[in-house]
Each structure stands twice: as C-alpha cells, then as structure tokens.
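# Topology and contacts: notes
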Amino acid sequence: MKLGKLGLPLLLGASLLAGSSPSAMAEIKVVSIAQQYGISYLPLMVMQEQHLLRKEAKAAGLGDIEVKWAKFAGGNVMNDAILSGDLQFASGGVGPFVTLWSKTVKNVGVKGVSAMNSMPLLLTTRNPNVKTIKDFTSKDRIALPAVKVSIQAITLQMAAEKAFGPGQQNKLDALTVTQSHPDGMAALLSGSSEIDSHFTSPPYQYIELSKPGIHTVLNSYDVTGGPHTFNIVWTTTKFANANPKTYAAFVKAFDEAIAFINHDKKAAAALYVKVTKSKEPVEFFEKILNDPNVEFTTTPKNVMKYVDFMYRIGFIKVKPASWKDMFFPNVQN
C-alpha cells in the first residue's frame with residue numbers, strides 16, 4: 001500500500017486515537033460534591049479544608065481542577081442533582097442511596113463510592129409521656145431529614161413494624177415532618193413548636209440530650225441489631241467510567257480524610273468546630289468521636305438490613321443479591 005504525503009501522519013494519528021484509553025482522554029475539570037449537616041460528614045469537611053481532592057488530582061496528572069462544595073438538607077434533593085449532572089458526588093443516608101440505586105440499576109447505574117461511617121441515630125423527645133414509640137399520639141410531631149425516604153424515616157418504619165406488627169410500618173408516618181437537622185433541633189429545643197420529637201444524628205442528638213427534659217425514645221442500633229452504616233458517598237457509573245482518574249483521586253482523598261480523623265480526633269474535632277462555627281467546645285465533639293459506637297470507616301455495615309426491609313414492603317422494586325452489587329469495586333475489595 002502506497003502512502004501519500006499526508007498518509008503516514010493520518011495513519012499514525014488514527015492508530016494513536018484507537019489505542020487511547022478512557023483515562024488518556026480529557027477528564028472533567030470541575031467536580032461538584034455535596035454534603036449534609038452534622039459531624040457524620042466530617043470526612044468531606046476534612047477533604048474540603050485540606051484541599052485533598054485537588055492535591056490527589058494534581059498528583060494523578062489531572063492538573064488544577066476546580067472543586068465545588070454544596071450543602072443539602074436531605075438526600076432526596078441531592079439525588080435529583082446527581083441525576084441532572086449538577087453533582088458528581090452525593091452523600092447521605094442509606095435510605096436515599098438504596099432508593100436511587102434501585103431506580104437507576106438498569107440505566108445510569110448509581111453506585112456507592114464508599115461508606116463514610118457507622119453511628120447510632122437517636123429519636124429524642126421533650127414529651128415526658130413518650131417512653132417508647134408506642135406512646136406517640138396524634139398530638140406529637142417528629143422532625144427528620146426527609147419524610148419516608150431518609151434513613152431516619154425508614155428506621156422508624158422498621159421500628160414501627162416491630163412494635164405494631166406486620167403491615168404497620170407506616171403507622172407513625174403521619175407524625176413525621178421534613179426538617180433539616182439544625183431546624184429540627186431548634187424546633188425541639190424551643191419548647192413552643194408543635195415538633196416535640198426529633199429523629200436525628202450526631203452531634204444534634206447529643207446536644208439535645210444535654211438539655212433538661214430531653215430523653216431518648218429509640219436507638220437505630222437496637223432496630224438493626226447492631227452497628228450499621230449511616231452515610232454513604234455515591235456517583236453514577238457513567239461518571240466513574242468517563243473519569244477514572246478523577247474517581248480514583250476522590251477515593252484516595254476520601255481515604256486520607258478518614259485516616260486523619262482516626263489518627264487525631266482532637267484535631268478533627270477542632271476542624272469541625274472551625275468549619276461549622278459551633279458554639280459547643282472542641283471537647284464536646286472530641287467526646288463524640290471517641291464514642292465506641294461512632295466509627296469513621298469506609299466499610300459498609302448492615303446495609304442489607306435496610307435493603308431487605310425496603311424491598312419487602314415494596315419501597316424498592318429491585319433487590320441486589322449482595323451489598324457488593326451496590327458498590328464500585330474499590331469498596332468490594
């Protein structure tokens with residue numbers, strides 16, 4: 001075969017293009033990450049404060065990428081943002097994550113990037129007559145991050161089924177009100193709001209319990225029979241496949257943040273106070289981080305307890321054979 005003057009360069013160019021892997025192609029230059037409220041999102045706060053993703057992206061040869069941070073009150077709104085492409089990494093409770101996984105398993109393929117922590121979620125109240133969830137009446141109102149879909153809402157349904165019997169999982173749903181963690185705490189502690197109970201997370205539940213007249217009604221660990229994952233980070237398979245270096249950089253940065261927290265809990269607590277401008281002292285949050293029931297870990301725990309329940313009551317239509325089906329390989333390994 002004879003090649004003209006332009007033939008060899010064109011042939012070489014075509015050969016190079018054909019041999020290019022996705023990682024060699026241009027990756028995203030602006031990465032948007034979302035978090036919610038509370039000390040459970042501390043790994044993302046560490047990533048943001050220490051610019052860990054930018055550092056790892058640069059080390060991976062991606063140059064200077066821009067990292068945008070957003071804050072949401074609940075995982076349901078965050079799911080809309082990640083499906084629209086406005087977010088690359090979402091974070092939230094097991095409930096919203098499992099819901100989106102089941103809805104997208106046959107299309108964009110949302111999967112878990114990492115577990116973030118395991119910690120108990122407490123339902124607190126100022127109503128002295130409420131000792132267990134069986135004591136709630138139509139006069140009570142329970143604030144939680146998102147009615148029906150948040151991990152608190154699903155945990156309450158699981159507890160209701162245990163307390164009231166099969167088919168009664170929705171018995172307390174009418175009492176629940178969607179509120180961000182800070183707003184729910186403010187309403188509970190005001191003493192004047194119709195909201196007299198709050199199903200929340202650290203540190204809000206511990207701040208509430210430090211006030212006179214507030215007591216615990218339900219502990220999520222009792223519902224699941226042991227420690228369970230609270231928060232997860234997720235993204236779409238489409239994004240992960242198109243941006244493998246960016247995805248890997250995020251995982252490395254996230255692992256660094258987890259290691260920082262577990263290595264120096266006092267420094268991690270101080271960072272949380274700085275970021276959130278909390279009125280509580282560093283020692284208050286250091287005590288939370290040292291609680292043996294609070295663990296920052298990338299390993300999922302008891303996720304299938306939620307999946308099995310959500311599938312059985314028809315909340316999700318697709319059930320994974322294993323928790324591994326819902327996570328990317330870096331978590332499976």
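Predicted model, so just to flag it, every value in this text is computed and none were measured.

### Quick look at the pattern of salt bridges
- Applying the stated criterion across every chain yields a total of 9 salt bridges.
- The salt bridge involving Glu56 is made with Lys55; its shortest N-O contact spans 3.8 Å.
- Overall, Lys55 belongs to the partly exposed group, its relative accessible area being 44%.
- A single network of salt bridges, built from pairs that share partners, joins Lys55, Glu56, Lys252 and Glu256.

### Some words on the nonpolar core
- Leu42, Leu53 and Phe250 are the most contacted members of the largest nonpolar core, which totals 94 residues.
- Not counting residues within four places of it along the chain, the set of residues in contact with Phe250 comprises Ile33, Leu44, Met47, Leu53, Phe89, Val113 and Val233.

### A closer look at the packing of helix 12 (residues 265-276) against helix 13 (residues 282-289)
- Taken N-terminus to C-terminus, the directions of helix 12 and helix 13 make an angle of 125°; their axes are 8 Å apart at the nearest point. The angle between helix 12 and helix 13 places the two elements in the oblique class. In terms of crossing hand, the pair formed by helix 12 and helix 13 is right-handed. Here Lys265, Lys266, Ala268, Ala269, Ala270, Tyr272 and Val273 of helix 12 come into contact with helix 13, specifically with Val282, Phe285, Glu286 and Leu289.
- The residue makeup of the contact of helix 12 with helix 13, split by class, is 8 nonpolar, no polar and 3 charged.

### A short note on the layout of surface pockets
- Approximately 290 Å³ is the volume attributed to the largest pocket.
- In terms of lining, the largest pocket is formed by 16 residues, of which the most central are Met185, Tyr204, Ile207, Ser278 and Lys279.
- Elements represented by at least two residues in the lining of the largest pocket include exactly helix 8 (204-209) and helix 12.
- Among the residues forming the lining of the largest pocket, the class breakdown is 8 nonpolar, 3 polar and 5 charged.
- Volume-wise, the second largest pocket comes out at about 180 Å³.

### Side note on the sheet that holds strand 9 (residues 215-219)
- Pairing in this open sheet of 5 strands is mixed, and the strands run 7-6-8-5-9 from one edge to the other. Two strands close off the open sheet at either side, each with one partner strand: strand 7 (176-178) and strand 9. Within this sheet the neighbouring strands show an average axis-to-axis angle of 25°, counted without direction.
- In this sheet, strand 8 (residues 197-199) lies alongside strand 6 (residues 142-144) in parallel orientation, the contact comprising 2 bridges. In the strand pairing of strand 8, Ala143 is matched with His198.
- Against the sheet, helix 7 (residues 181-190) contacts strand 5 (122-125), strand 6 and strand 8, and its axis sits at roughly 155° relative to strand 8.

### Some thoughts on helix 2 (residues 42-49)
- For helix 2, the buried fraction is high: 6 of the 8 residues fall into the buried class.
- Those residues of helix 2 lying buried are Leu42, Pro43, Leu44, Met45, Val46 and Met47.
- A positive phi of about 55° marks His51, the residue just after helix 2.

### A short note on the packing of aromatic side chains
- Throughout the structure, instances matching the rule amount to 9 aromatic pairs.
- Ring centres 3.9 Å apart and planes at 10° place the aromatic pair Phe89 and Phe250 in the stacked group. Within this pair, whereas Phe89 is found in the loop between helix 4 (75-84) and strand 3 (90-93), its partner Phe250 is found in helix 11 (residues 244-263), the two being separated by 161 residues in sequence. For the residue pair Phe89 and Phe250, the accessibility class agrees, reading buried in each case.
- Taken together, the ring pairs in this structure connect Phe89, Phe239, Phe250 and Phe254 into an aromatic cluster.
- One Lys or Arg, Lys171, reaches over the ring of Phe164 and ends 5.2 Å from the middle of that ring.

### Let's talk about the environment of Trp323
- Tracing the backbone shows Trp323 in the loop between helix 14 (303-312) and helix 15 (329-332).
- On the basis of relative accessibility, which here comes to 25%, the residue Trp323 falls in the partly exposed class.
- A sequence separation of 211 residues divides Trp323 from Gly112, and the C-alpha atoms of the two residues are 9.9 Å apart.
- Once you skip the residues sitting within four places of it in the chain, Trp323 turns out to touch Pro300, Met304, Val331 and Gln332.

Calculation notes
Residues numbered from 1 in each chain as written. Predicted model: local features only at pLDDT ≥ 70, side-chain atom pairs only at ≥ 80, totals over all residues. Heavy atoms only, no water. Salt bridge = Lys/Arg side-chain N within 4 Å of Asp/Glu carboxyl O. Buried < 20%, exposed > 50% of the residue type's maximum accessible area, 1.4 Å probe, protein only. Core = buried A, V, L, I, M, F, W, Y, C linked by side-chain atoms within 4.5 Å. Contact = heavy atoms within 4.5 Å. Axes fitted to C-alpha atoms, helices over the stretch in contact; angles between N-to-C directions. Helix = DSSP H or I, 4+ residues; strand = E, 2+ residues; numbered from the N terminus. Parallel < 35°, antiparallel > 145°, perpendicular 65-115°, else oblique. Left-handed = near helix turned anticlockwise from the far one by under 90°. Nonpolar A, V, L, I, M, F, W, Y, C, P; charged D, E, K, R; others polar. 1 Å grid on protein atoms, 1.4 Å probe; cavity = no way out; pocket = protein on both sides within 12 Å on 5 of 7 lines; lining within 4 Å. Points joined across faces, edges and corners; volume = space filled by probe spheres on them. Pairing = 2+ DSSP bridges. Phe/Tyr/Trp six-rings, centres within 6.5 Å; stacked < 30°, edge-to-face > 60°. Lys NZ or Arg CZ within 6 Å of the ring centre and 35° of its normal.

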